[in-house]
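# Notes for the structure review
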Amino acid sequence: MVSRQEVGNKTTRVLMVTAVPSLAAPVARNLAYAGYSVNLVSKEHLVGARFFPFVSRYKTIPALYWDPLDKKLLFAERLNQLINKWKIDVLLPVDIISSILVYKVRSNLKAATVPLFNDSQRIYFSNKWNFHCFLEKEGLPSPKTHYYTSGDSLEQLQLSFPLLIKPLDKAQGVGIAKFDSYAELNKALQERTESYPLIFQQYFPGIDYVVGILADHGKLLAWVMSIYNPGSNMRHIVSEEKILELTRAVIKKMAFTGVAAIDVRRDTRDDKFYFLETNLRFGGSSIYYPKVGVNLGALWIDMALNKKEIPLTCPSCTDAYIQLGVYDRVIRKFGGPLFAHHFSFTR
């Protein structure tokens, strides 16, 4: 039986806001699993959203309104129209773009919002170079990293290979490439058409971990740790005390508030851990988390509505392989195409 989340004697109505529709379906599924009435507004049309059994109402706001500077008040007006019409209790942004907008217009909205990161936290956590500089300043582990823009001299950087090139603000592996020599790197940079700047980051063999977290002013409130396994429908839920210690340290030093997915690599040559990046959004593995007793979205809403500290929430098991059911695989891979509703709901 799915328990209902209530405000007074009514089911809580949540308005999810997303500029990246592919991230919305797993979050919506998890909130519905916790008993919320889930409503969705997106920048782009989310294929099949109206067929999700866990989405009550769905609306698109045209792209021209998603400008955090010029159009933010018009964006707030559109949201308020939906808040009034659908009797929304709380707003939950899914990705960094919608989070920035909701944060900037939160005082103009007629419903509560989940507690969000501020501008200074965003600047450090959503830019790989800034994040590296923050880690170095605070004495936290980060791979050797160089800043590079068009026209810089590679020789002066004294690079060591192999290395990775990464755009500063992309996610989900976009724009990342590995190089084993100056010749390979030089050729790629000469042929490059994408915008600069970049970072060059030391590559070393290792195991990648993703830590999904919820924090409040630097205090860790919930976490799930898994071994990164792209393309698989299974996650290995684990617990590494050193990673948890480092995660607590970075959250505390930044006084971070909100949801994030933190990427950490273990160097298999010496078993040392290094932060790679932080994504200010629900991670791709978050659809697995309720299966070990951690629903980050539901806990985040609880923070917003109850206005009191929630107890630390940890996975119910820390060495488990979690397999998705058929329907959840569809949600994760396609974000809910039109045929998704034909599959039975599994959990």
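Just above sits the structure.
Described below are features of the structure shown in this document. (Residues numbered from 1 in each chain as written. Predicted model: local features only at pLDDT ≥ 70, side-chain atom pairs only at ≥ 80, totals over all residues. Heavy atoms only, no water.)

Per the stated rule, a full pass over the model turns up 13 aromatic pairs. Aromatic pair Phe-161 and Tyr-182: ring centres 4.9 Å apart, planes at 65°, arrangement edge-to-face. Of the two residues, Phe-161 sits in the loop between α6 (154-157) and β9 (163-167) while Tyr-182 sits in helix α7 (residues 182-191), which places them 21 residues apart along the sequence. Judged by its relative accessible area of 25%, Phe-161 falls in the partly exposed class. Between Phe-282 and Trp-300 the ring centres are 5.8 Å apart and the planes differ by 65°, which places this aromatic pair in the edge-to-face class. Of this pair, Phe-282 sits in the loop between β16 (272-279) and α9 (296-306) while Trp-300 is found in helix α9, placing the two residues 18 residues apart along the sequence. One exposure class covers both Phe-282 and Trp-300, and it is buried. (Phe/Tyr/Trp six-rings, centres within 6.5 Å; stacked < 30°, edge-to-face > 60°. Helix = DSSP H or I, 4+ residues; strand = E, 2+ residues; numbered from the N terminus. Buried < 20%, exposed > 50% of the residue type's maximum accessible area, 1.4 Å probe, protein only.)

Taken in spatial order, the 4 strands make up an open sheet running β8-β11-β9-β10, and their pairing is antiparallel. Of all strands in the sheet, those bounded by a partner on one side alone are β8 (145-148) and β10 (177-179). The sheet shows a mean angle of 25° between the axes of neighbouring strands, direction not considered. The pairing of β9 with strand β11 (residues 198-202) spans 5 bridges and is classified as antiparallel. Pairing of Ile-165 across the sheet is with Phe-200, part of β11. (Pairing = 2+ DSSP bridges. Axes fitted to C-alpha atoms, helices over the stretch in contact; angles between N-to-C directions.)

When the terminal C-alpha atoms of helix α8 (residues 241-254) are compared, their 20 Å separation across 14 residues agrees well with the 20 Å that a helix rising 1.5 Å per residue should span. Residues of α8 that are buried: Ile-243, Leu-244, Leu-246, Thr-247, Val-250, Ile-251 and Met-254. One side of α8 carries all its buried residues, which in axial view fall inside an arc of 165°. In α8, the exposed positions angled more than 90 degrees off the buried face are occupied by Glu-241 and Lys-252. Looking at the buried residues of α8, the elements they touch are α4 (119-125), α5 (128-137), β12 (206-216), β13 (219-227), β15 (258-267) and β16. Immediately downstream of α8, the backbone of Ala-255 shows phi near 55°, a positive value. (Expected span 1.5 Å × (residues − 1). Arc of directions from axis to C-beta. Contact = heavy atoms within 4.5 Å.)

Geometry only, nothing functional implied.
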